[in-house]
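Coordinates in review
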Amino acid sequence: MPIFAPTVTLNNGHKMPVLGLGTWLSREGEGIEAIKAAIDAGYRHIDTAYLYRNEKEVGQAIREKIAEGVIKREDIFVTTKLWNNFFEPCKVAEAFKRSFENLDIGYIDLYLMHSPMSFKFDGWELGHVDATTKPEYADVDIVDTWRAMEELLNTGKVRSIGVSNFNSEQIARILQQCEMKPVTNQVECNPGINQRKLIEFCRKLDIVVTAYSPLGRPNYYEMDPVKVPKPALDDPRVKAIAEKYNKTPGQVILRYLVEIGTVPVPKSSNPVRLRQNIDIFDFQLTKEEIETMDGLNTGKRTVPFHVWISHKNYPFHIEF
Ligand code: A2P
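From a predicted model like this one, the values you see are computed outputs, not experimental measurements.

Okay, the site of the ligand next. In the vicinity of the ligand there are 15 residues, among which Leu 215, Ser 268, Ser 269, Arg 273 and Asn 277 approach most closely. Within the side chain of Asn 219, one N or O atom sits 3.4 Å away from an oxygen atom of the ligand. Contact distances for the ligand include 2.8 Å between an oxygen atom and a backbone N or O atom of Ser 269. About the coverage of the ligand: the protein hides 83% of its 570 Å² of free accessible area. Listed by contribution, the elements that provide at least two residues to the shell around the ligand are helix 7 (218–223) and helix 10 (271–278).

Pasting the structure below:
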């Protein structure tokens, strides 16, 4: 039986399921199968990005599930993101059109600025981009990009707009100078960096925090245990809570993130873990357990974007 996540109402009245599927590194065949399996498992919220180069696969999986009669378009919430190279206001509509056509699902639920750091436009085909590549920076004001994002709402092709990797000062600037409030700020959030202060800041503004890398990217830790902080999945305190509820450590972490008010988007291509990750709505952590989970916060990021630290808009110089 599928399990459905409850929804949160965004500051513009649209509803977003409080748990979604992350798709970073899900590509081609693997991506389509994982997304279809996720929809069968009950996921109704999928998070992609132009950068991930899998929008076509995400769109195809959704269209196939609509054709099978499993879902209707309006049942599923789809997010994609404007990559940093396309922040010049004159590029935003074309960048959106490309994501819109890649997905080909009639409309996009949520379009995010992928970060506050603008890079020089270098063509529409993204070359290899990861945490080690340092592109040429551009000097586009986030306010100007955001105003171009606002104009997209008039096309009727996107229902909500938001930001990602913004700090509190960058959000405050958008609010002071622009018309529309972002509905969400999507940031790294897991027990190691629980973002309590940013969540509180956003909560007061009616902005939902979406939690990426909610499990702390165990795959990155395995590749580089020196630089990447150890994910909480193996922590004995998390394991003890998991045993009490007959859940897995991953489920306890995701439940914690929902209870502190975020919308986690865990990535998995494994059908068993996919199902486990959404099976978190039949138990509740006690106040003491939340405190125990809070105790795992070190403030260390698994995705610090160190290579872009010299960018004028690097968001992580301040505490939150
Ligand atoms: P897999 O796709 O094989 O399940 P994050 O969402 O924090 O970026 O973490 C994603 C990574 O965590 C992926 O490598 C994924 O591998 C793995 N993963 C996903 N769900 C779980 C889980 N419940 N427990 C442990 N690892 C998980």
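Now that the structure is up, let's keep going.
Along the chain, the position of Ser 213 falls in the loop between strand 9 (208–212) and helix 7. Under the relative-accessibility criterion, Ser 213 is labelled buried at 9%. Residue contacts for Ser 213: discarding those within four places in its chain leaves Glu 188, Cys 189, Asn 190, Thr 302 and Val 303.

For the rest of this paragraph, the subject is the sheet that holds strand 8 (residues 184–188). Ordered by their spatial adjacency, eight strands build an open sheet running 3-4-5-6-7-8-9-10, and the pairing between neighbours is parallel. Edge positions in the open sheet fall to strand 3 (21–22) and strand 10 (262–264), since each of these has one partner strand only. Across two bridges, strand 7 (residues 158–164) lies against strand 8 in parallel orientation. Each bridged residue has a counterpart across the sheet, and for Ser 164 the counterpart in strand 8 is Gln 186.

It is worth spelling out the pairing of strand 5 (residues 77–82) at this point. Burial runs high along strand 5: six of the six residues are buried. Alignment of strand 4 (residues 45–47) against strand 5, held across three bridges, turns out to be parallel. By the bridge assignment for strand 5, Asp 47 is matched with Thr 79. Between the parallel pair strand 4 and strand 5, the chain is carried across by helix 2 (residues 55–67), and the sense of this crossover is right-handed. Summarising the sheet, strand 5 and strand 6 (residues 108–113) pair through four bridges and their orientation is parallel. In the sheet register, Leu 82 faces strand 6, and the bridge partner there is Met 113.

A separate point is the pattern of salt bridges. Tallied over the full model, the rule gives 20 salt bridges. A salt bridge links Lys 247 to Asp 279; its shortest N-O distance comes to 3.5 Å. Of this pair, Lys 247 sits in the loop between helix 8 (236–245) and helix 9 (249–259) while Asp 279 sits in the loop between helix 10 and helix 11 (287–294), and the two are 32 residues apart along the sequence. Looking at Lys 247, the relative accessible area reads 14%, which means it is buried. A salt bridge links Glu 259 to Arg 255, with the shortest nitrogen-to-oxygen separation between them at 2.7 Å. Taken together, the positions of Glu 259 and Arg 255, both in helix 9 and four residues apart, correspond to about one turn of that helix. A single network of salt bridges, built from pairs that share partners, joins Asp 40, Lys 65 and Glu 68.

On to unusual backbone geometry. Excluding glycine, residues mostly have negative phi values, and the peptide bonds linking residues are mostly trans. Positive phi values are uncommon outside glycine, yet Asn 246 reaches one of about 60°. Looking at where Asn 246 falls in the secondary structure, it is placed in the loop between helix 8 and helix 9. Taking relative accessible area as the criterion, Asn 246 reaches 72% and is therefore assigned exposed. Positive phi outside glycine occurs at Phe 305, with the angle close to 50°. With respect to the element layout, Phe 305 can be found in the segment after helix 11.

Criteria and cut-off values
- Residues numbered from 1 in each chain as written.
- Predicted model: local features only at pLDDT ≥ 70, side-chain atom pairs only at ≥ 80, totals over all residues.
- Heavy atoms only, no water.
- Near = heavy atom within 4 Å.
- Polar contact = N/O pair within 3.5 Å; in protein donor to acceptor, adjacent residues only side chain to side chain.
- Areas by Shrake-Rupley, 256 points an atom, 1.4 Å probe, with all protein chains shown as cover.
- Helix = DSSP H or I, 4+ residues; strand = E, 2+ residues; numbered from the N terminus.
- Buried < 20%, exposed > 50% of the residue type's maximum accessible area, 1.4 Å probe, protein only.
- Contact = heavy atoms within 4.5 Å.
- Pairing = 2+ DSSP bridges.
- Right-handed = clockwise from strand over helix to strand, strands pointing away.
- Salt bridge = Lys/Arg side-chain N within 4 Å of Asp/Glu carboxyl O.

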